[in-house]
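An overview of the molecular structure
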Amino acid sequence: MSAEERPPLLTEVDFQIHYGPADDRLHNFYIPALERSVRYDRTAGFFSSGALAVAASGVVRLIENGGRMRLLCGAKLSEKDVEAISEGQQLRDVVGNGMLATMEQLDDVDLRNRLEILSWMIAHDLLEIKVVLPRDKRGLPLPDFEALEYYHPKEGVFEDSAGHKLAFSGSSNESINGWKNHYEVVQVY
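Anyway, here's the lowdown on the structure attached to this text. On a predicted model such as this, the values are computed, not experimentally measured, just so you know.

Let us look at the environment of Lys 165. Relative to the assigned elements, Lys 165 resides in strand β6 (residues 165-170). Counting along the chain gives 126 residues from Lys 165 to Arg 39, while the straight-line C-alpha distance between them is 9.4 Å. In contact with Lys 165, not counting residues within four places along its chain, are Leu 10, Val 157, Phe 158, Glu 159 and Tyr 189.

Written out as structure tokens, the structure reads:
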């Protein structure tokens, strides 16, 4: 495969070792890394479909590269959610409905497109999302008001077609605000 046929590599960008609040983390780090990757693994305290929408050009290239994204994120359950699980409703359905409800609260004209992208990626096994929940002694999830623990790390690893890896750790969640608006810092390795 020639250089023109293969996806661009992570080594072709001079990434900074630190991105702070004054830097454009979205356009100078996140999107260029996604565009050059075939794999993106991420842990975050919070995930929003808006992160996929705001970085759509990078996500499209990740898909064109034959890439895949895996997310591990935290979630909060209400007392009603925990009751539904205790009564036999599947944890997956309760958490999924909770994530959808959060997305539906967003006042955004592109919401439908975001949900379609998310659904398409999941259906084509290009996106895998796993949720980490605190549990009680019986193994049942705890409602938000009882849970002292919350899954909150924020790290990621990009990998390109040649096996080069670019890792980062910082304060950004996997959301529009995390990559674009909040006062955040990211260390790159």
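Turning our eyes to something else, we now look at helix α1 (residues 25-35). With 9 of its 11 residues buried, α1 lies for the most part within the structure. Turning to α1, its buried residues number three or more, namely Arg 25, Leu 26, Phe 29, Tyr 30, Ile 31, Pro 32, Ala 33, Leu 34 and Glu 35.

Next up on the list: the pairing of strand β3 (residues 68-74). Pairing between strand β2 (residues 39-44) and β3: 6 bridges, direction parallel. In the sheet register, Arg 39 faces β3, and the bridge partner there is Arg 68. Here 6 bridges tie β3 to strand β4 (residues 127-132), and the two strands are oriented parallel to one another. Within β4, the residue paired with Met 69 across the bridge is Leu 127.

The next thing to look at is unusual backbone geometry. Phi is positive for Asp 125, which is not a glycine, with a value near 55°. Note that Asp 125 resides in the loop between α6 (111-123) and β4.

We now examine the nonpolar core. Within the largest apolar cluster, 28 residues are counted, with the highest numbers of intra-cluster contacts made by Phe 29, Tyr 30, Leu 34, Met 69 and Phe 158. Going through the elements one at a time, α1, α3 (56-64), β3, α6, β6 and β7 (186-188) are the ones with two or more residues in this core. When residues in this core are grouped by element, the largest group, 6 residues, is from α1. Residues within four places of Phe 158 in sequence aside, it is in contact with Leu 10, Phe 29, Tyr 30, Ala 33, Leu 34, Ser 37, Arg 39, Tyr 40, His 164, Lys 165, Leu 166 and Phe 168.

About the thresholds
Residues numbered from 1 in each chain as written. Predicted model: local features only at pLDDT ≥ 70, side-chain atom pairs only at ≥ 80, totals over all residues. Heavy atoms only, no water. Helix = DSSP H or I, 4+ residues; strand = E, 2+ residues; numbered from the N terminus. Contact = heavy atoms within 4.5 Å. Buried < 20%, exposed > 50% of the residue type's maximum accessible area, 1.4 Å probe, protein only. Pairing = 2+ DSSP bridges. Core = buried A, V, L, I, M, F, W, Y, C linked by side-chain atoms within 4.5 Å.

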